[in-house]
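Coordinate inspection notes
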Amino acid sequence: MERTFVMIKPDGVQRGLIGEIITRFERRGLKIIDMKFVHVSRELAEKHYAVHKGRPFYDGLIEYITSGPVLAMVLEGTNAITVARNTMGATNPADAAPGTIRADFGIEIGRNLVHGSDGAETAAFEIGLWFGDEIPGWERDVDRWIFE
Ligand code: IDP
Ligand code: MG
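The present account deals with the structure reproduced in this document. As the structure is a computational prediction, the values presented were derived from the model and not from experiment.

Moving on: the site of ligand 1. What surrounds ligand 1 is the set K9, Y49, H52, F57, L61, Y64, R85, T91, R102, I109, G110 and N112. Taking K9, its side chain carries an N or O atom lying 2.9 Å from an oxygen atom of ligand 1. Here an oxygen atom of ligand 1 and a side-chain polar atom of R85 are 3.0 Å apart. Burial of ligand 1 by the protein chains amounts to 76% of its free accessible area of 530 Å².

Shown next, in the form of structure tokens:
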């Protein structure tokens, strides 16, 4: 079963949307494997967003992600990476489909509430960076009604 790294960014935490956002992943059937509240250091932020170094929005992005605590989590399920990103919506909330997290709660790209790994390699890197290796899974009784 595929795993992905998802984060509720500081705006989502500050606006009291943690519950709303987690609910959307949870009710879709994604299983929460691990979760923690993190006061993001500049060092962690720079490692996480290393691919964006040099982009015009990079400094603002590091500022944003270190501006308050985030809720980091590992989610598991069939096609978890794609499913989580589809649940979040397009990077720019202005372009995100209604019903997605970014469309329903956001309006600007620099305050888009959530992060989700964009591929298998990124997911493995980000899960390792934020949670370390060897996170145990758990048996969820309802799984047979969600996964075929
Ligand atoms: P993603 O989060 O949908 O994967 P990326 O292109 O990887 O989008 O960008 C990472 C994050 O950087 C975005 O979620 C957003 O917070 C921020 N970002 C991307 N482009 C811009 C921009 O043009 N202005 C401000 N922030 C941006
Ligand atoms: Mg990305």
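So, on to helix α5 (residues 80-88). Think of an α-helix as 3.6 residues a turn; residues three or four steps apart then line up on the same face. When α5 is considered as a whole, its buried residues turn out to be A80, I81, V83, A84, T87 and M88. In this structure, the buried residues of α5 make contact with β1 (2-8), α2 (18-28), β3 (70-77), α6 (101-105), β4 (114-116) and α7 (120-131). Within two residues after α5, G89 carries a phi angle of roughly 95°, on the positive side.

Let us now look at the environment of W138. Along the chain, W138 falls in the segment after α7. Setting aside residues up to four positions removed in sequence, W138 forms contacts with K31, I32 and I33. A polar contact is formed between the side chain of W138 and the backbone oxygen of I32, at a distance of 2.7 Å.

Thresholds applied
- The numbers attached to residues start from 1 for each chain and follow its sequence in the written order.
- Each chain is given a letter, starting from A, and each ligand a number, starting from 1, according to the order in which they appear as written.
- Reporting in this predicted model follows two pLDDT cut-offs: at least 70 for local features of residues, and 80 or more for side-chain atom pairs to be given and counted; totals over whole chains, interfaces and linings ignore these cut-offs and use all residues.
- To obtain the side-chain values, all non-hydrogen atoms of the structure were used and water was disregarded.
- Neighbouring residues are identified by heavy atoms, a residue being near a molecule or strand if any of them is within 4 Å of it.
- The definition of a polar contact used here is a pair of N or O atoms within 3.5 Å, where within protein one atom must be able to donate a hydrogen and the other to accept one, and adjacent residues in sequence count solely through side-chain atom pairs.
- Residue-level accessible areas treat just the shown protein chains as cover; the underlying method is Shrake-Rupley with a 1.4 Å probe.
- For every residue, the accessible area (1.4 Å probe, protein chains only) is compared with the maximum for its type, and the residue is labelled buried under 20%, exposed over 50%, or partly exposed between those bounds.
- Secondary structure elements are taken from DSSP: a helix is a run of H or I of four residues or more, a strand is a run of E of two residues or more, and numbering for both begins at the N terminus.
- Contact definition: two residues touch when any of their heavy atoms are within 4.5 Å.

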